[in-house]
Amino acid sequence: MAIRNIVKDNDGYETLHKKCRPVTEFNQKLWSLLDDMAETMYQAQGVGLAGPQVGMLRRLFVIDVGDGIIEFINPEILETSGTQNGAEGCLSFPGEYGMVERPNFVRVKAQNRNGEWFEREGEELFARAVCHENDHLDGVVFKDRMSRLLSEEELAD
């Protein structure tokens, strides 16, 4: 496993705003990428990391919202409901946070590292993380969705 460089907005604007292609090969190369992404996310103290954030324009992301790592390959959001409005940040925009409205519930279908389909559902942070990372796969970043940037004073409250 290896720590990957995280694409930052100032040096990777185009990469972060491109739509990703589906993953078609489930092999050791993919498994190494997923392992590297998890290690990179943990090292950066994040809760999620998507392919384009490590320069890979493929439809995949990893999250850990407190229940261990979950890998999503070729995800499809099947259902959302409710709303939550809260502070959100991104490893590609270090030190920047904004208020973002997201669904409070999400049900998602995806493939695991072996290509097998599964479904997961969850609320609150799980829903926020899945929607945030899935947006990355379509070239959308949290700043495109935020209602306003938060100041350092607001973050301290």
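The text that follows walks through the structure, step by step, so that each part is easy to find. (Residues numbered from 1 in each chain as written. Predicted model: local features only at pLDDT ≥ 70, side-chain atom pairs only at ≥ 80, totals over all residues. Heavy atoms only, no water.)

Some thoughts on the sheet that holds strand β5 (residues 97-102)
Where we set the bar: DSSP-based pairing: two strands are paired if at least 2 bridges between them are found. Each helix is a run of H or I in the DSSP string that is no shorter than four residues. Each strand is a run of E no shorter than two, and both are numbered from the N terminus. Axis definition: a line fitted to C-alpha atoms, over the contacting stretch in the case of helices. Angles run 0 to 180 degrees between N-to-C directions. Only heavy atoms matter for contacts: two residues are in contact if any of them lie within 4.5 Å across the pair.
On the basis of which strands lie adjacent, the open sheet formed by three strands has the order β4-β5-β8 and antiparallel pairing. Taken across any chain shown, the strands that pair with only one partner, and hence form the sheet edges, are β4 (84-89) and β8 (146-149). Averaged over all pairs of adjacent strands, the angle between strand axes in this sheet comes to 25 degrees, irrespective of strand direction. Both β4 and β5 contribute to a ladder of six bridges, which runs antiparallel. Bridge pairing links Glu88 to Gly98 in β5. Here helix α3 (residues 125-137) sits on the sheet in contact with β4 and β5, set at roughly 55 degrees to β4.

Overview of the packing of aromatic side chains
To keep it simple, the criterion reads: Pairs were defined over the aromatic rings of Phe, Tyr and Trp, the Trp ring being its six-membered one, requiring ring centres within 6.5 Å. Orientation was assigned from the angle between planes: stacked under 30 degrees, edge-to-face over 60, tilted for the rest. Summary of the burial criterion: residues with accessible area below 20% of their type's maximum are buried, those above 50% are exposed, and those between are partly exposed, where the area comes from a 1.4 Å probe applied to protein chains only.
What the rule picks out here adds up to four aromatic pairs. Judged by centre distance (4.8 Å) and plane angle (25 degrees), the rings of Phe61 and Phe72 are stacked. A residue pair is termed long-range when its members are at least 10 positions apart, and Phe61 in strand β2 (residues 60-63) and Phe72 in strand β3 (residues 70-81) qualify at 11 residues. Comparing Phe61 with Phe72 shows no difference in burial state: the two are buried. A ring pair is formed by Phe72 and Phe126, whose centres lie 6.4 Å apart and whose planes are at 55 degrees; its orientation type is tilted. In this pair, Phe72 sits in strand β3 while Phe126 sits in helix α3, placing the two residues 54 residues apart along the sequence. Given a relative accessible area of 0%, Phe72 falls into the buried group.

Some details on the pairing of strand β7 (residues 117-123)
Two strands pair when backbone bridges link them, and strand β6 (residues 105-111) and β7 are joined in this way by seven bridges, in the antiparallel orientation. Paired with Val108 across the bridge in β7 is Arg120. Linking β6 to β7, which pair antiparallel, is a turn of five residues; within it Gly115 sits at a positive phi near 90 degrees.

Considerations on the pairing of β3
Pairing of β2 with β3, which is carried by four bridges, proceeds in the antiparallel orientation. Of the residues in β3, the one forming a bridge with Ile63 is Ile70. Connecting the antiparallel pair β2 and β3 is a turn made up of six residues, with Gly66 showing a positive phi of about 115 degrees. Note that β3 and β6 share six bridges and pair antiparallel. From the neighbouring strand, Ser81 faces β6, where its bridge partner is Phe105.

Comments concerning the nonpolar core
This is how it is decided: Among buried residues, the Ala, Val, Leu, Ile, Met, Phe, Trp, Tyr and Cys ones that are joined through side-chain atoms within 4.5 Å form a nonpolar core.
Phe61, Ile63, Phe72, Val106, Phe126 and Val130 are the most contacted members of the largest nonpolar core, which totals 16 residues. Looking at this core, the element that brings in the most residues is α3, giving six residues. Ignoring anything within four residues of it in the chain, the contact list for Phe72 reads Arg59, Leu60, Phe61, Ile63, Val108, Ala110, Gln111, Phe118, Phe126 and Val130. One finds Ile6, Leu33, Met37 and Leu49 within the second-largest nonpolar core, a separate group that totals 13 residues.

Notes on the side chain of Gln111
How we decide: Nitrogen and oxygen atoms within 3.5 Å of one another constitute a polar contact, given that in protein one can donate a hydrogen and the other can accept it, and given that sequence-neighbouring residues count only through two side-chain atoms.
By the secondary structure assignment, Gln111 is in strand β6. Of note is the side chain of Gln111, whose polar atom sits 2.8 Å from the side chain of Asn74. Separated by 3.0 Å, the side chain of Gln111 and the backbone oxygen of Gly115 make a polar contact. In this structure, Gln111 is in contact with Phe26, Glu71, Phe72, Ile73, Asn74, Glu116, Trp117 and Phe118, ignoring residues within four places of it in sequence.

Here we look at the environment of Leu91
Looking at the element boundaries, Leu91 is found in the loop between β4 and β5. On the basis of relative accessibility, which here comes to 18%, the residue Leu91 falls in the buried class. Residues Leu91 and Ser151 lie 60 residues apart in sequence; the distance between their C-alpha atoms is 18 Å. When near neighbours in sequence (up to four residues on either side) are disregarded, Leu91 contacts Ile6, Lys8, Ala44, Gly46, Gly48, Leu49 and Gln53.

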